There are 2 protein chains.
Amino acid sequence: MQEKGFRENWLDKLSPFQMIALFYLMAVTISCILLGMPVAHKDGVDLTFIELLFTSVSAVSVTGLTVISVVDTFNTFGIFLLAFVLQFGGIGIMTLGTFIWIIIGKKIGLRERRLIMTDQNQVTFRGMVRLMIEILKIIIFIELIGFIILSTYYLRYFPTWEEALLQGFFASISATTNAGFDITGQSLIPFKNDYFVQFIQIILIILGSIGFPVLVEVKQYLLTAPDKRKNIRFSLFTKVTSLTYFILVVVGFLFLILLEWNHYFAGEKWHEIIFYGLFQSVTTRSAGLATMDVSMLTEQSQLIMSALMFIGASPSSVGGGIRTTTFALMIIFLLTFARGKRRIHIFRREIHDEDLFKAVTVTIMALFICFGATTVLTITEPFPLMPIIFEVASAFGTTGLSMGITPDLTTTGKIIIILLMFIGRIGILTFLFSFNTEKKQGEYHYPKERIIIG
Amino acid sequence: MQEKGFRENWLDKLSPFQMIALFYLMAVTISCILLGMPVAHKDGVDLTFIELLFTSVSAVSVTGLTVISVVDTFNTFGIFLLAFVLQFGGIGIMTLGTFIWIIIGKKIGLRERRLIMTDQNQVTFRGMVRLMIEILKIIIFIELIGFIILSTYYLRYFPTWEEALLQGFFASISATTNAGFDITGQSLIPFKNDYFVQFIQIILIILGSIGFPVLVEVKQYLLTAPDKRKNIRFSLFTKVTSLTYFILVVVGFLFLILLEWNHYFAGEKWHEIIFYGLFQSVTTRSAGLATMDVSMLTEQSQLIMSALMFIGASPSSVGGGIRTTTFALMIIFLLTFARGKRRIHIFRREIHDEDLFKAVTVTIMALFICFGATTVLTITEPFPLMPIIFEVASAFGTTGLSMGITPDLTTTGKIIIILLMFIGRIGILTFLFSFNTEKKQGEYHYPKERIIIG
Ligand SMILES: [K+]
Ligand SMILES: [K+]
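Remember, predicted model here, so these are calculated numbers, not experimental data.

Visitor: An account of the overall build of chain A is needed here, citing residue identities and associated values.
Guide: If you tally the helices and strands in chain A, you get 19 helices and two strands. Partitioning the intrachain contacts of chain A with sequence separation of at least 6 by distance along the chain shows that 72% fall at a separation of at least 24. Carbon and sulfur atoms provide 66% of the accessible area of chain A, an area that totals close to 18,900 Å².

Visitor: Provide a residue-level description of the coordination of the potassium ion (ligand 1), including the pertinent values.
Guide: All names here are of chain A. Coordination sphere of the potassium ion (ligand 1), protein contribution only: V62 (O), T63 (O), N178 (O), S286 (O), A287 (O), T398 (O) and T399 (O), at 2.5 to 3.0 Å. When the donor residues of the potassium ion (ligand 1) are listed from N- to C-terminus, their spacing reads V-T-x114-N-x107-S-A-x110-T-T. Here A287, found in helix α13 (residues 270-287), pairs with T398, found in the loop between α17 (385-396) and α18 (411-426); they are 111 residues apart in sequence, far enough to count as distant.

Visitor: Describe the confidence of the model for chain A, with residues and values.
Guide: Residue and element names in this part refer to chain A. Looking at chain A, pLDDT values average 81 and 82% of them are 70 or higher. Predicted confidence is poor over residues 1-7, with pLDDT under 50, and the contacts of this stretch with residues over four places away or in other chains come to zero contacts. Contacts of residues 437-443 to residues separated by more than four positions or lying in other chains number eight contacts, the stretch itself having pLDDT below 50.

Visitor: Give a detailed account of helix α10 (residues 195-209) of chain B, specifying residues and quantitative values.
Guide: Residues and elements named next belong to chain B. Under the 1.5 Å per step criterion, the end-to-end length of α10 is 21 Å for 15 residues, consistent within 8% with the ideal 21 Å. All of the buried residues in α10 are V197, Q198, I200, Q201, I202, L204, I205, I206, G208 and S209. Its side-chain oxygen 3.1 Å from the backbone nitrogen of F196, D194 forms the N-cap of α10. Phi turns positive, to about 105°, at G211, one or two residues after α10.

Visitor: Describe the nonpolar core, and please don't skip the residues or the numbers.
Guide: Core analysis: the biggest nonpolar cluster contains 165 residues, and A:L86, A:I417, B:L86 and B:I417 have the highest contact counts within it. Among residues more than four places away in sequence, those in contact with A:I417 are A:F54, A:L65, A:L377, A:E391, A:A395 and A:L409. Counting 40 residues, the second largest nonpolar core, distinct from the first, contains A:F253, A:A290, A:L385 and A:L401.

Visitor: For the coordination of the potassium ion (ligand 2), give the residues involved together with the corresponding values.
Guide: Residues and elements named next belong to chain B. Those protein atoms acting as donors to the potassium ion (ligand 2) are V62 (O), T63 (O), N178 (O), S286 (O), A287 (O), T398 (O) and T399 (O), and they sit at 2.5 to 3.0 Å. For the potassium ion (ligand 2), the single-chain donor residues occur in sequence as V-T-x114-N-x107-S-A-x110-T-T. With V62 in the loop between α3 (49-60) and α4 (70-73) and A287 in helix α13 (residues 270-287), this residue pair connects regions lying 225 residues apart in the sequence. By the burial criterion, V62 is buried, and A287 matches it.

Visitor: Before we move on, could you go through a nonpolar patch on the surface and cite the residues and values that matter?
Guide: Residues A:L243, A:I247, A:V251, A:F255 and A:F347 make up a contiguous nonpolar surface patch of roughly 410 Å² in combined accessible area. Accessibility expressed as a relative area gives 44% for A:I247, which makes it partly exposed.

Visitor: For the packing of aromatic side chains, give the residues involved together with the corresponding values.
Guide: Overall, the coordinates contain 35 aromatic pairs over all chains when judged by the stated rule. On the numbers, 5.4 Å between centres and 55° between planes, the contact of A:F333 with B:F357 is tilted. Pair noted here: A:F333 is in helix α15 (residues 324-338) and B:F357 is in helix α16 (residues 353-380), and the two residues belong to different chains. Just as A:F333 is buried, B:F357 falls in that class too. Consider the rings of B:Y157 and B:F191, whose centres lie 4.8 Å apart with planes at 80°: the pair is edge-to-face.

Visitor: Give me the lowdown on the side chain of B:S281, citing residues and values where you can.
Guide: Residues and elements named next belong to chain B. For S281, the location among the structural elements is in helix α13. S281 gets classed as buried once you look at its relative accessible area, which sits at 0%. A polar side-chain atom of S281 sits 2.6 Å from the main-chain carbonyl oxygen of V249. Within polar-contact distance, the side chain of S281 engages the backbone nitrogen of F253 at 3.2 Å. Among all residues touching S281, those that are not within four sequence positions of it are L248, V249, G252, F253 and L256.

Visitor: An account of the side chain of B:Q167 is needed here, citing residue identities and associated values.
Guide: Position of B:Q167 among the secondary structure elements: in helix α9 (residues 161-176). Among the residues examined, B:Q167 registers a relative accessible area of 7% and is labelled buried.

Visitor: Talk me through the environment of A:L248; I want residue IDs and the actual numbers.
Guide: Residue and element names in this part refer to chain A. Along the chain, L248 turns up in helix α12 (residues 236-260). We classify L248 as buried; its relative accessible area is 5%. In the structure, L248 is positioned 63 residues away from I311 in sequence and 9.1 Å away in space, judged by C-alpha atoms. If we ignore the near neighbours within four places in the chain, the residues touching L248 are S281, R285, L308, I311, G312, T324 and F327.

Visitor: Give me the lowdown on helix α17 (residues 385-396) of chain B, citing residues and values where you can.
Guide: Spacing of three or four residues puts side chains on the same side of an α-helix, whose turn is 3.6 residues. All names here are of chain B. With twelve residues, α17 ought to run about 16 Å at 1.5 Å a step, and its terminal C-alpha atoms sit 16 Å apart, in line with that. Buried residues dominate α17, accounting for twelve of its twelve residues. Of the residues making up α17, those classed as buried are L385, M386, P387, I388, I389, F390, E391, V392, A393, S394, A395 and F396. Count one or two residues on from α17 and you reach T398, which has phi positive near 40°.

Visitor: Can you explain the packing of α12(A) against helix α14 (residues 299-311) of chain A? Please cite residues and give values.
Guide: All names here are of chain A. Contact pair α12 / α14: the axes reach a minimum separation of 9 Å and the direction vectors enclose 170°. Overall, the two elements α12 and α14 adopt an arrangement that is roughly antiparallel. Contacts between α12 and α14 involve L248, G252, F255, L256, L259 and E260 on the former and, on the latter, Q300, S301, I304, M305, L308 and I311.

Visitor: Which residues make up unusual backbone geometry, and what are the values?
Guide: Residues and elements named next belong to chain B. Despite not being glycine, R323 has its phi angle at roughly 85°, a positive value. Looking at the secondary structure, you find R323 in the loop between α14 (299-311) and α15 (324-338). The backbone phi angle of T398 is positive, close to 40°, even though this residue is not glycine. The exposure class assigned to T398 is buried, which follows from its relative accessible area of 0%.

Visitor: Lay out the packing of helix α5 (residues 76-90) of chain B against α9(B) in plain terms, naming residues and giving numbers.
Guide: Residue and element names in this part refer to chain B. Two elements in contact, α5 and α9, have axes separated by 10 Å at closest approach and are oriented at 20°. In terms of axis orientation, α5 runs roughly parallel to α9. Considering only the axes of α5 and α9, their crossing is left-handed. Contacts from T76, I79, F80, L82, A83, L86 and Q87 in α5 reach L166, F169, F170 and I173 in α9. Classifying every residue of the contact of α5 with α9 by side-chain character gives nine nonpolar, two polar and no charged.

Visitor: Account for the environment of A:G208, with residues named and values stated.
Guide: Residues and elements named next belong to chain A. Tracing the backbone through its elements, the reader meets G208 in helix α10 (residues 195-209). Judged by its relative accessible area of 0%, G208 is buried. When the C-alpha positions of G208 and G319 are compared, they lie 8.1 Å apart, and in sequence the two are 111 residues distant. Among all residues touching G208, those that are not within four sequence positions of it are T176, N178, S317 and V318.

Visitor: Tell me about the environment of B:T374, and please be specific about residues and values.
Guide: Within the secondary structure, B:T374 is located in helix α16. Each C-alpha atom, one on B:T374 and one on B:P387, is 10.0 Å from the other, the two residues being 13 residues apart in sequence. B:T374 has contacts with A:L303, B:L385, B:I388, B:I389 and B:V392, leaving out every residue within four places of it along the chain.

Cut-offs used in this document
- Residues numbered from 1 in each chain as written.
- Chains lettered and ligands numbered in written order.
- Predicted model: local features only at pLDDT ≥ 70, side-chain atom pairs only at ≥ 80, totals over all residues.
- Heavy atoms only, no water.
- Helix = DSSP H or I, 4+ residues; strand = E, 2+ residues; numbered from the N terminus.
- Contact = heavy atoms within 4.5 Å.
- Areas by Shrake-Rupley, 256 points an atom, 1.4 Å probe, with all protein chains shown as cover.
- Donors = N, O, S within 2.8 Å, 3.2 Å for Na, K, Ca; no water.
- pLDDT = per-residue confidence, 0-100.
- Expected span 1.5 Å × (residues − 1).
- Buried < 20%, exposed > 50% of the residue type's maximum accessible area, 1.4 Å probe, protein only.
- Polar contact = N/O pair within 3.5 Å; in protein donor to acceptor, adjacent residues only side chain to side chain.
- Core = buried A, V, L, I, M, F, W, Y, C linked by side-chain atoms within 4.5 Å.
- Patch = residues over 30% accessible without salt bridge, like charges linked within 9 Å, V, L, I, M, F, W, Y side chains within 5 Å.
- Salt bridge = Lys/Arg side-chain N within 4 Å of Asp/Glu carboxyl O.
- Phe/Tyr/Trp six-rings, centres within 6.5 Å; stacked < 30°, edge-to-face > 60°.
- Axes fitted to C-alpha atoms, helices over the stretch in contact; angles between N-to-C directions.
- Parallel < 35°, antiparallel > 145°, perpendicular 65-115°, else oblique.
- Left-handed = near helix turned anticlockwise from the far one by under 90°.
- Nonpolar A, V, L, I, M, F, W, Y, C, P; charged D, E, K, R; others polar.

Below you can see the structure in the form of structure tokens.
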């Protein structure tokens, strides 16, 4: 009893943010153990520790950057283990944790709910538990549909039905969790002219990275009788994140088409260009699957894609980056403040100062971290600036697109990318607040004094 | 009468921000006329319009980037005209404007004082007029001392006393206004082993870019009898900007020494390394004079220098960039918010939310503008990413350091750099607010709703 009390006290001293960081560290450790087992490897494969760590962090953070070839490293058992880790990372350790608590019959107390709240960035407690169960159901439902469609369709690509099933299974999980791993050895480039496969993958990617609350609300809307739908109000979060998400997709699509018209897309047919542009724009949100070799794009496209990856996906989704709502809030703040106004309004709702401050913190910290990582990588790596910026943005956005330099990084470089993927996944706020052990104190006030700004 | 009334009404409709932008545009026009006169040129010189515009904007904004060689283009009369434009730009059109109003006996009304307030970013009206006169006195005093010391000392470098006087005159104005122009043809590289010249220039550069209010307060302090000095309280602005300024100089110095130890500085003596590092760090605040060829530095030094130039000098100084106080506020905000606190305290004073919002606006807008400019330049220019980023940061910070690509830019590229220098000089807030023609309306409130951030 005494010892249990001590252990609980020790855990109690951790902030929710620190516990989440701790859980992710544990997930990486478990992932290392699972993926490091020789029984999961093909014959003759010998992973170094840094390769194993890199693969594990990339899998848990569903980034998809790799220093190894998945298909040359893992046997079928290993691929199942990897899919398990992706699933585990993708829908969030907290979601699975809730599920386990529920199925073992443990009542979910306030403390556990606070944990979940922070990991999925939810800000109201009510209905949290029900939401988490919803999440799991929805994701598995989506993956199941994706698996059935893709593996049936893949029968025309692969010689045996076992191979088609395995490819369909992995592709569905990898797309829905936005993991970006592939067992084709070439991402989606083998399907670059198969619009059906790409279309299914785009749907799966969007469903995974649009944010779970959006899915739950849309589901609720669809399950409501049409004549009662007018009573349903979508949350501000759902409106903002969905709108921002689709604006980013459209902007990325237009930029890619404009910038590559006379370059990568020169001589391609219009429907090829549309699908290349659309898929590549969607994939920068967080997925990291590719139908084209991004290292062949123009430098300006690579810069724009880096910015898009840095922004990333919706919060409460499988994606990373500063997140769509952060970006949207910064833009709306700029437009509001430039017009001389002080209160930020979106969709007839006013934004809390607290949320604006969070958005500012996330954006500026993320810029600092990415600038620092880029500078260190220019010291340790022999590559030009562009691929370094691209790889940094890709790791921070847990996107996993690569200009091809990641496998050739030095050990220091690999560790930096590992840290970026880790921070990108747990989120800047969690990362920042995990250093904060102080209890919130009563705030005192000093006299105010104006200061001259820029 | 009728017409005068109409004219005044027309001017009244402009916001102070728009008037400042308008005045700077007029200054550029006047500068174009002055520097474009053939009588100011050496024989056989034929400037294109874009070269003339570039030189004028660079001079008015005291940036110092050039697409021409000053010493090969302008004769002695032209050099005096250029020095006049630098002086005009450096101490601010508003300062000179005030002075002219005063000497022609016009009483300074509220409206003119508001103009001045905004240009020099001052936020209290009281004592504004006296401050402006102070500014002019102090700057001319500093330049006079610099001129006497440098031209006397230059007698050992130049064959005639006319040449020494001209060089000393121009060097003193160029350093004090942080213009960064030179008539040696090679910036300060001829004096790279003359620590006396560098020391004098460092002093002049710092005095010009530390911010005028700082100078006024320090002067007041020095003129007060020692036994009464304890009653003098330096303003929050002076404390913040001075501390940030010197921290940036030290950080830049340490980075340069660390990153170039085995590279540019390899084989140099310790006192050479210290002076190279110190001068180059000071010059990134805003001066743009160089004792070494920055294109020969490592990429990581160039990145750090780009960041330092982007931050720039103190507000109410001759420098550009987002300004030291903006940077300091962002950093302190991050540290405060990460510790779970909401009120920002500096030196036992609390910062207004309004000022924090300004800092956020400036930082994020500046990043957008520089990112956009960089992307466009990668399209229009054939140069690698690093020199493009460097040149963009240099223009926005009105620093004027160059990796050497500016003279070879396309016309589009030159126009982009011109716009950056213009925005960097008038400041992001002025630039942003100059689009705002709406009168401030009563703000209405919507219900608040929380949103999920990053
Ligand atoms: K990914
Ligand atoms: K300058």
